[in-house]
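If you want the building blocks of each chain, they are given just below.
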Amino acid sequence: MALGLLLVLFMVMSVISVIGTVLMFLLKENKWQKAVFYFMSVWGMVVAWMAADSYPTNFIRNQLIAWAFGALAVIAIFVQICVGGRKAFLAARFLTVASVFLGMTILFF
């Protein structure tokens, strides 16, 4: 029964990740793009936290890799805030997408 609940949780997380990524690139209004970007950045950090927390305490290397994927979302926020501009926002969105999907991948495997 517990594994079924974990499967449902993973599927919900996957749907949130895919819908958020699609919305981040398809929305035209800048205000909504930024809102989805910040949500997905926080989501990437949450996914990284869940991935790092799922490993035993002696799997330090795997935990550091998971935290590094979460750090991509933090770097994306810094790029978007500090650099500014259209190209920097595009790079920040790609960093956020990488953070979310790499975190989801490490959760799956």
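Look a little higher up for the structure.
Now for a description of the structure that goes with this document. No experiment lies behind these values; they were computed from the predicted model shown.

### Remarks on a nonpolar patch on the surface
Here comes step 1: A cluster of nonpolar side chains, contributed by V18, V22, L26 and F101, occupies part of the molecular surface with about 340 Å² of accessible area.
Here comes step 2: Tallying contributions element by element places helix α1 (residues 2–26) first for the nonpolar patch, with three residues.
Here comes step 3: Topologically, V18 is positioned in helix α1.

### As for the layout of surface pockets
Here comes step 1: Taken as a whole, the largest pocket holds about 220 Å³ of empty space.
Here comes step 2: Lining of the largest pocket is provided by L6, L7, L9, F10, M13, M50, S54, L107 and F108.
Here comes step 3: For the lining of the largest pocket, the secondary structure elements donating two or more residues are α1 and α4 (86–108).
Here comes step 4: For the lining of the largest pocket, the per-class residue count stands at eight nonpolar, one polar and no charged.

### Considerations on the packing of helix α2 (residues 30–53) against helix α3 (residues 60–83)
Geometrically, a packed helix pair is captured by the angle between its two axes and the distance between the axes.
Here comes step 1: In contact at an axis separation of 7 Å, α2 and α3 are set at 165° when each is read in the N-to-C sense. On the basis of their axis angle, the class for α2 and α3 is roughly antiparallel. Crossing geometry of α2 relative to α3 is assigned as left-handed. Every residue of α3 that contacts α2 at K34, F37, Y38, S41, G44, M45, A48, W49, A51 and A52 is listed here: Q63, A66, W67, F69, G70, A73, V74, A76, I77, Q80 and I81.

### A short note on the nonpolar core
Here comes step 1: Ranked by size, the top nonpolar core spans 15 residues in total, and within it M24, F37, M40, W43 and M104 carry the most contacts.
Here comes step 2: The set of elements that each furnish at least two residues to this core consists of α1, α2, α3 and α4.
Here comes step 3: Setting aside anything within four residues of it in sequence, one finds M24 in contact with Q33, V36, F37, M40, R93, T96 and V97.

### So, the packing of aromatic side chains
Here comes step 1: In the structure shown here, the tally under the stated rule is seven aromatic pairs.
Here comes step 2: Ring-pair connections join several aromatic residues into one group, and the members of that group are F10, F108 and F109.

### Some points on the environment of L23
Here comes step 1: As for its placement among the helices and strands, L23 is situated in helix α1.
Here comes step 2: The partly exposed category is assigned to L23, whose relative accessible area is 36%.
Here comes step 3: Note: C-alpha distance between L23 and V36 (13 residues apart in sequence) is 7.1 Å.

### Structural notes on the side chain of R93
Here comes step 1: By the element assignment, R93 lies in helix α4.
Here comes step 2: No salt bridge is formed by the buried R93, whose closest oppositely charged neighbour, E29, lies at an N-O distance of 13 Å.
Here comes step 3: Other than its neighbours up to four places away in sequence, R93 contacts M24, F25, Q33 and F37.

Cut-offs used in this document
- Residues numbered from 1 in each chain as written.
- Predicted model: local features only at pLDDT ≥ 70, side-chain atom pairs only at ≥ 80, totals over all residues.
- Heavy atoms only, no water.
- Patch = residues over 30% accessible without salt bridge, like charges linked within 9 Å, V, L, I, M, F, W, Y side chains within 5 Å.
- Areas by Shrake-Rupley, 256 points an atom, 1.4 Å probe, with all protein chains shown as cover.
- Salt bridge = Lys/Arg side-chain N within 4 Å of Asp/Glu carboxyl O.
- Helix = DSSP H or I, 4+ residues; strand = E, 2+ residues; numbered from the N terminus.
- 1 Å grid on protein atoms, 1.4 Å probe; cavity = no way out; pocket = protein on both sides within 12 Å on 5 of 7 lines; lining within 4 Å.
- Points joined across faces, edges and corners; volume = space filled by probe spheres on them.
- Nonpolar A, V, L, I, M, F, W, Y, C, P; charged D, E, K, R; others polar.
- Axes fitted to C-alpha atoms, helices over the stretch in contact; angles between N-to-C directions.
- Parallel < 35°, antiparallel > 145°, perpendicular 65-115°, else oblique.
- Left-handed = near helix turned anticlockwise from the far one by under 90°.
- Contact = heavy atoms within 4.5 Å.
- Core = buried A, V, L, I, M, F, W, Y, C linked by side-chain atoms within 4.5 Å.
- Buried < 20%, exposed > 50% of the residue type's maximum accessible area, 1.4 Å probe, protein only.
- Phe/Tyr/Trp six-rings, centres within 6.5 Å; stacked < 30°, edge-to-face > 60°.
- Lys, Arg positive; Asp, Glu negative; His and termini not counted.

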